[in-house]
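# A look at the structure
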Amino acid sequence: MAIPRFHDLTVSRINPEAAGAVAVTLAIPPALRETFAFDPGQFLTLRADVNGESVRRSYSICCPRSRLAQAHEVQVGIRPMDGGVFSNWAATQLKAGDTISVMPPDGRFGVRRPHALHRVGFAVGSGITPILSIMASTLEEHPESRFTLVYGNRRMASVMFNETLQDLKDRYTGRLTLIHILSRQAQEVDLLQGHIDADKVRAIVKALLPVGSMDEVFICGPEAMIDTTEATLLEAGVPQRQIHTERFTSPTLAALSPVERRAAVAAGQQKTEGGNITLTVVLDG
Ligand SMILES: Cc1cc2nc3c(=O)[nH]c(=O)nc-3n(C[C@H](O)[C@H](O)[C@H](O)COP(=O)(O)OP(=O)(O)OC[C@H]3O[C@@H](n4cnc5c(N)ncnc54)[C@H](O)[C@@H]3O)c2cc1C
């Protein structure tokens, strides 16, 4: 088997998404269509020179599998991380017509039970990307299937791919259930307010997602949310083999000691909280 290597691809579009994120569409020339054939849930590794340094990062493919065959392109969604080198460069500097080095699709997050009738996704923030690809491909490829997405964000305005989600809901009437859990925007129903934590997962399972109805579950988001959601689903009786998780580990953070990593994550959260307070004052003023 050939050793995977980087290929130069042209950026065909950059579309702004919520919270400063961007959807980056890459054109796949005929000679590379087989090389870039992907299973929904897989990721691409992108490499670019940022401030004179070669930096590589992984980003999950967010489009349905059919996009490659029909439009000869693949798409990733990049959300800028506070202080992050590559994500901020991509969100502000990368433009249509640029060339970027990309490794072929990789990763094992994805469908394991091809005949599952009801798939469920739990996502927070940018964790939507691989689940969006799995969801859109499931609905398109299996007319008898349905999908439930539980998606956590601060407010509706920060929901990545909200328009795409609405389009899917309209196209696959009655087959896609969207459950938005918002932490900083008032919701009419208590169940939809707050964070995706153990209590929330228990309450959602009890009210909306009977354990026996979930044929396959996909979880992607912050580390703590993944661990809690998985543990709570196991405790509720969902078999381990039916739960799949994807972690967006940053190589920069992974290289730090556990103490440094905790401090870096806490500092990032504090900065974000501060930013939100300022934003609220401006909007309310
Ligand atoms: C399989 C996989 C799929 C992924 N898919 C996606 C996706 O679809 N969308 C997406 O947006 N992301 C995704 N990611 C995450 C992505 O790969 C990057 O990790 C992310 O964009 C951050 O990269 P960066 O270069 O911007 O940040 P980095 O420069 O790597 O920094 C990360 C964080 O560490 C902090 N930091 C850096 N150095 C230090 C230091 N010395 N001390 C303390 N703190 C420090 C920074 O402030 C920042 O908050 C995925 C990751 C994996 C592994």
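Just above, that's the structure.
These remarks concern the structure in this document. Counting starts from 1 at the beginning of each chain's written sequence and moves along it residue by residue. pLDDT decides what is reported in this predicted model: residues at 70 or higher carry local features, side-chain atom pairs at 80 or more are listed and counted, and totals for whole chains, interfaces and linings draw on all residues regardless. As a rule here, side-chain values cover all heavy atoms of the structure and leave hydrogens and water aside.

## Some words on the state of the cysteines
- Throughout, disulfides are identified as pairs of cysteine sulfur atoms within 2.5 Å of each other. Within the structure shown, the criterion is met by zero disulfides.
- The thiol sulfur of Cys62 is not disulfide-bonded, and the nearest other cysteine sulfur, from Cys63, lies at 5.9 Å.
- Note on Cys62: relative accessible area 3%, which makes it buried. Relative accessible area decides the class of each residue, using a 1.4 Å probe on protein chains only: under 20% of the type maximum gives buried, over 50% gives exposed, and in between gives partly exposed.

## Considerations on the packing of aromatic side chains
- Aromatic contacts are taken between Phe, Tyr and Trp rings whose centres are within 6.5 Å, Trp giving its six-membered ring; a plane angle under 30 degrees counts as stacked, one over 60 as edge-to-face, and the others as tilted. One pass over the structure, following the stated rule, counts three aromatic pairs.
- Relative to Phe218, the ring of Phe109 lies with its centre 5.8 Å away and its plane at 85°, an arrangement referred to as edge-to-face. Placement of the pair is Phe109 in the loop between β6 (99-102) and β7 (118-124) and Phe218 in strand β10 (residues 216-220), with a sequence separation of 109 residues.
- What makes Phe109 buried here is its relative accessible area of 5%.
- Of the residues examined, Phe218 reaches a relative accessible area of 0% and is grouped as buried.
- The structure contains a cluster of three or more aromatic residues connected by ring pairs, namely Tyr59, Phe86 and Trp89.
- When the ring centre of Phe6 is taken as reference, the NZ or CZ atom of Arg47 above it lies at 4.1 Å. Secondary structure elements are taken from DSSP: a helix is a run of H or I of four residues or more, a strand is a run of E of two residues or more, and numbering for both begins at the N terminus. Our definition puts a charge over a ring when NZ of Lys or CZ of Arg is within 6 Å of the ring centre and also within 35 degrees of the ring normal.

## Regarding the nonpolar core
- One finds Leu26, Leu44, Ile78, Phe86 and Ile100 to be the most contacted residues of the largest nonpolar core, which totals 27 residues.
- Looking at this core, the elements with two or more residues in it are β1 (7-16), β2 (22-27), β3 (43-50), β4 (53-60), β5 (73-78), α2 (85-92) and β6.
- Looking at this core, the element that brings in the most residues is β3, giving four residues.
- Residue contacts are defined here by distance: any two heavy atoms, one from each residue, within 4.5 Å place the two residues in contact. Beyond its immediate stretch of four places on either side in the chain, Leu26 contacts Leu9, Thr10, Val11, Ser12, Leu44, His72, Glu73, Val74, Ile100 and Val102. For this analysis, a nonpolar core means a set of buried residues of the types Ala, Val, Leu, Ile, Met, Phe, Trp, Tyr and Cys, connected via side-chain atoms within 4.5 Å.

## Digging into the sheet that holds β5
- Strand order in the open sheet formed by six strands is β4-β3-β6-β1-β2-β5, with antiparallel pairing between adjacent strands. Strand pairing shows two members of the sheet lacking a second neighbour, β4 and β5, which therefore form its edges. The average angle at which neighbouring strand axes cross in this sheet is 40°, direction not considered.
- For two strands to be treated as a pair, DSSP must find at least two bridges joining them. Where β3 lies against β6, two bridges are found, and the strand directions are antiparallel. When the bridges of β6 are listed, Arg47 appears paired with Ser101.
- Axis lines are fitted through C-alpha atoms, for helices just across the contact stretch, and the angle between N-to-C directions can take any value from 0 to 180 degrees. The strands touched by α2 are β2, β3, β4, β5 and β6; relative to β3, the strand with the most contacts, the crossing angle is about 85°.

## Here's the deal with the packing of helix α5 (residues 198-207) against helix α6 (residues 223-236)
- For the pair α5 and α6, interaxial distance at closest approach is 9 Å and the crossing angle is 45°. For the element pair α5 / α6, the angle class is oblique. Judged by the sense of rotation from one axis to the other, the crossing of α5 with α6 is right-handed. Residue-level contacts link Ala198, Val201, Arg202 and Val205 of α5 to Thr228, Thr229, Thr232, Leu233 and Glu235 of α6.
- Three classes are used, and their members are as follows: Ala, Val, Leu, Ile, Met, Phe, Trp, Tyr, Cys and Pro are nonpolar, Asp, Glu, Lys and Arg are charged, and the others, Gly among them, are polar. Split into classes, the residues belonging to the contact of α5 with α6 amount to four nonpolar, three polar and two charged. Should an angle lie under 35 degrees it is considered roughly parallel, over 145 roughly antiparallel, and from 65 to 115 roughly perpendicular; all remaining angles are considered oblique. Left-handed describes a crossing whose near helix is turned anticlockwise from the far helix by less than a right angle; the clockwise case is right-handed.

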